[in-house]
Amino acid sequence: MGANVTIESPGDREGCGPVPGAARRIRAQAFSVFIPAHEILSVAHGLRSLFATYELPFDETWNDLATLLYRPRLKDRSDTEIEDVIGDIVGGRFEVRDERFVLRPDAEGDSGAQLDAPLVSEGHRKLGMIQVLLANGVLKDQGYLFWDEPEANLNPASIRLLAPLIAGLARRGVQVFLATHSLFLLRELQMLDEDEDADIRYFGLDRANDDPVTVTQADDLDDLPVITGREVSPAVPWTARWSAAGCQAHRQM
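Residues numbered from 1 in each chain as written. Predicted model: local features only at pLDDT ≥ 70, side-chain atom pairs only at ≥ 80, totals over all residues. Heavy atoms only, no water.

Visitor: Give a detailed account of the nonpolar core, specifying residues and quantitative values.
Guide: Counting 55 residues, the largest nonpolar core has V33, L69, L145 and W147 as its most contacted members. A total of seven residues in this core trace back to one element, the largest contributor, which is helix α6 (residues 156-171). Here this core spans two domains, and each of domain 1 (31-200) and domain 2 (202-239) adds at least three residues to it. Excluding anything up to four places from it in sequence, L69 contacts I40, L41, A44, F101, M129, V132, L133 and N136. (Core = buried A, V, L, I, M, F, W, Y, C linked by side-chain atoms within 4.5 Å. Buried < 20%, exposed > 50% of the residue type's maximum accessible area, 1.4 Å probe, protein only. Helix = DSSP H or I, 4+ residues; strand = E, 2+ residues; numbered from the N terminus. Domains from an automatic or database assignment. Contact = heavy atoms within 4.5 Å.)

Next comes the structure, spelled out in structure tokens:
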């Protein structure tokens, strides 16, 4: 997880050193982001410090995510639609203040008000991570998002907004992989797929007794055995892969 940035000028490639006044080009590798089921916005500062000093029993992707969250915000951003949607849900914007994340309410007259991230509900902190990663340019065209249980700790009204939020990320060129236990979220994605002809692939994981886990793939949610047979099978995670290509093709039609 991360990005490599190379700054070149024409003179550098010829071995002559930089040419004064020459235009410089920045090439950035797309980011791959993993968001675990548990939010880390409220502990990102301490987590980075601990990882720098100690061996911890946490997956290193947590530290990778914390590092990405602390990237500086981009200037002159015009595409803030998804951030605004998240802002409506959580009631403001998450920002860094004194090396820690706070929620700045959008209410007029409260320009100086803020809530420390640990005081905000966990579900809203999870959405706040998406908001921050959009603001600092991590979630952008040609990037990848692996999101584990995005519906965790969200109420039904907020879960319903997840489907168009994921679609918005896909329209930005981000390919989204999500794992979920929520049939409600899957149905919302299914209805969005039917309305917008989005490119969604569904993967079902199932295990009977002590047999190996089996994986099935389908273009339609109802073609997955773990969905149609859920009344007689134990609950197992379903995985959906959202490709930006389908949304882009739909917009061009």
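Picking up after the structure, the text goes on.
Visitor: Please set out unusual backbone geometry residue by residue, giving values where relevant.
Guide: Despite not being glycine, D98 has its phi angle at roughly 55°, a positive value. The exposure class assigned to D98 is exposed, which follows from its relative accessible area of 73%. A positive phi angle is found at E149, which is not glycine, with a value near 50°. Examined against the element boundaries, E149 turns out to sit in the loop between β7 (144-148) and α6.

Visitor: Could you give an account of the packing of aromatic side chains, with specific residues and numbers?
Guide: Here the structure, examined in full by the defined rule, presents three aromatic pairs. Look at Y70 and F101: their rings are 5.0 Å apart centre to centre, the planes differ by 50°, and that puts the pair in the tilted class. With Y70 in the loop between α3 (60-69) and α4 (81-90) and F101 in strand β5 (residues 100-105), this pair connects stretches of sequence that are 31 residues apart. (Phe/Tyr/Trp six-rings, centres within 6.5 Å; stacked < 30°, edge-to-face > 60°.)

Visitor: A description of the side chain of K126 should follow, citing residues and the corresponding values.
Guide: Structurally, the position occupied by K126 is in helix α5 (residues 122-135). Only 3.1 Å separates the side chain of K126 from the backbone oxygen of A37, close enough to count as a polar contact. A distance of 2.6 Å separates the side chain of K126 from the backbone oxygen of E149, its partner in a polar contact. Sequence-distant contacts of K126, that is, excluding residues within four places in its chain, are made with P36, A37, E39, W147, D148, E149, P150 and A152. (Polar contact = N/O pair within 3.5 Å; in protein donor to acceptor, adjacent residues only side chain to side chain.)

Visitor: Describe the pairing of strand β4 (residues 92-97), and please don't skip the residues or the numbers.
Guide: Pairing between β4 and β5: six bridges, direction antiparallel. Each residue of the ladder has a partner; that of G92, found in β5, is P105. In this structure, the hairpin formed by β4 and β5 is closed by a connection of two residues, where D98 is found at a positive phi of approximately 55°. (Pairing = 2+ DSSP bridges.)

Visitor: Can you explain the pattern of salt bridges? Please cite residues and give values.
Guide: Tallied over the full model, the rule gives ten salt bridges. Notably, a salt bridge pairs E39 with R125, separated by 2.8 Å at the nearest N-O pair. Taken together, the residues span a long stretch of sequence, with E39 in the loop between β3 (32-35) and α2 (44-53) and R125 in helix α5 at a distance of 86 residues. By relative accessible area, E39 is classed as buried at 1%. Residue class for R125 comes out buried when judged on its relative accessible area of 10%. E99 is the salt-bridge partner of R48, the closest N and O atoms lying 3.8 Å from each other. Of this pair, R48 sits in helix α2 while E99 sits in the loop between β4 and β5, and the two are 51 residues apart along the sequence. Beyond isolated ion pairs, a larger network of salt bridges with shared partners links E83, D84 and R93. (Salt bridge = Lys/Arg side-chain N within 4 Å of Asp/Glu carboxyl O.)

Visitor: Quick rundown of a negative patch on the surface? Include the residues and the values.
Guide: A cluster of acidic residues, E194, D195, D220 and D223, forms a negative patch on the protein surface. Along the chain, D223 turns up in the loop between β10 (214-218) and α8 (225-228). (Patch = residues over 30% accessible without salt bridge, like charges linked within 9 Å, V, L, I, M, F, W, Y side chains within 5 Å. Areas by Shrake-Rupley, 256 points an atom, 1.4 Å probe, with all protein chains shown as cover. Lys, Arg positive; Asp, Glu negative; His and termini not counted. Charge placed at Lys NZ, Arg CZ, Asp CG, Glu CD.)

Visitor: Would you mind going over the sheet that holds β4 in detail, with residue names and values included?
Guide: Across the sheet, three strands lie side by side as β4-β5-β6; this open sheet has antiparallel pairing. Bordering the open sheet on either side are β4 and β6 (115-116), each of which pairs with just one other strand. The strands touched by α5 are β4 and β5; relative to β4, the strand with the most contacts, the crossing angle is about 75°. (Axes fitted to C-alpha atoms, helices over the stretch in contact; angles between N-to-C directions.)

Visitor: Break down the packing of α2 against α3 for me, with residues and values.
Guide: In contact at an axis separation of 9 Å, α2 and α3 are set at 120° when each is read in the N-to-C sense. Considered as vectors, α2 and α3 are oriented oblique to each other. For the pair α2 and α3, the sense of crossing is left-handed. Of the residues in α3, those in contact with A44, L47, R48 and F51 of α2 are E60, W62, N63, A66, T67 and L69. For the contact of α2 with α3, the residue count by class is six nonpolar, two polar and two charged. (Parallel < 35°, antiparallel > 145°, perpendicular 65-115°, else oblique. Left-handed = near helix turned anticlockwise from the far one by under 90°. Nonpolar A, V, L, I, M, F, W, Y, C, P; charged D, E, K, R; others polar.)

Visitor: Run through the side chain of D199, naming residues and quoting values.
Guide: In this fold, D199 is placed in strand β9 (residues 199-206). Polar side-chain contacts of D199 include one of 2.5 Å to the side chain of R201.

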